[in-house]
Amino acid sequence: MGERRRVSKDSLEIEVLGAIDEANSFLGLTIAFLDEQYLKNKITQVQNALFKLGSIIAGAKLSIPKSVVKKYEKEIDEWTKVMPPITNFIFPGGSKPAAFLFTARTIVRRAERLIVKLSKEKNISPSILVYINRLSDYLFTLARYINFRQGVKENIWKR
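A brief look at the structure comes next. (Residues numbered from 1 in each chain as written. Predicted model: local features only at pLDDT ≥ 70, side-chain atom pairs only at ≥ 80, totals over all residues. Heavy atoms only, no water.)

Topic: the packing of helix α2 (residues 37–57) against helix α3 (residues 66–82)
For the pair α2 and α3, interaxial distance at closest approach is 13 Å and the crossing angle is 150 degrees. Classified by the interaxial angle, the pair formed by α2 and α3 is roughly antiparallel. As for the relative orientation of α2 and α3, their crossing is left-handed in sense. Facing α2, whose interface residues are Y38, K42, Q45, V46 and A49, α3 presents K71, Y72, E75 and W79. Here the residues of the contact of α2 with α3 are counted per class, giving five nonpolar, one polar and three charged. (Axes fitted to C-alpha atoms, helices over the stretch in contact; angles between N-to-C directions. Helix = DSSP H or I, 4+ residues; strand = E, 2+ residues; numbered from the N terminus. Parallel < 35°, antiparallel > 145°, perpendicular 65-115°, else oblique. Left-handed = near helix turned anticlockwise from the far one by under 90°. Contact = heavy atoms within 4.5 Å. Nonpolar A, V, L, I, M, F, W, Y, C, P; charged D, E, K, R; others polar.)

A few points about the environment of A23
Checked against the element boundaries, A23 lands in helix α1 (residues 12–32). The class for A23 is buried, based on a relative accessible area of 2%. Along the backbone, A23 and P97 are 74 residues apart, and their C-alpha atoms lie at a distance of 13 Å. Those residues in contact with A23 that lie beyond four places of it in its chain are L50, A104, I107 and V108. (Buried < 20%, exposed > 50% of the residue type's maximum accessible area, 1.4 Å probe, protein only.)

Structural notes on the packing of aromatic side chains
Enumeration over the complete set of coordinates arrives at eight aromatic pairs. With a centroid separation of 5.5 Å and 35 degrees between ring planes, the pair formed by F33 and F100 is classed as tilted. On the criterion of sequence distance, the pair formed by F33 in the loop between α1 and α2 and F100 in helix α4 (residues 96–118) is long-range, its members being 67 residues apart. Residues W79 and Y145 carry aromatic rings whose centres are separated by 5.1 Å and whose planes lie at 20 degrees to one another, so their mutual orientation is stacked. One end of the pair, W79, is in helix α3; the other, Y145, is in helix α5 (residues 126–149), and 66 residues separate them in sequence. Residues W79 and Y145 agree in their burial class; the two are buried. In this structure an aromatic cluster arises from ring pairing among Y72, W79, Y131, Y138 and Y145. (Phe/Tyr/Trp six-rings, centres within 6.5 Å; stacked < 30°, edge-to-face > 60°.)

So far we have only geometry, and geometry alone does not tell us how the molecule works.
Dropping the structure here:
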């Protein structure tokens, strides 16, 4: 184990870790409402990566391989090919699992903003910023894909 250090509960680092934990909890809710093991496995892999990300933020000498981001991008492309294209903004929601994923995505976006802020105080690997950015896109696309697979029509925002 590494050297222990005390961090104030109101520190930016704890804010980041809290946002990561919150997103991970919504992923757990998503899994609770899914029947397909294939999709549960995808989300569990994200949960594992988020635990690793939290450890990295806390000071562990770990990394998230570039291959994870490449895998997300490949799956985003595969899922996007089979779904109708987005021509307008869509309201987050639909099925329960998709709604939870949309919520997790917004929390990941908050974590991303906090990590950017933290990177001004602490050395944060650029690969972490790339990872967290792509993760929110991945969750957005996965939420859409779940709605698509479940036959839930997207609710389009009209000006």
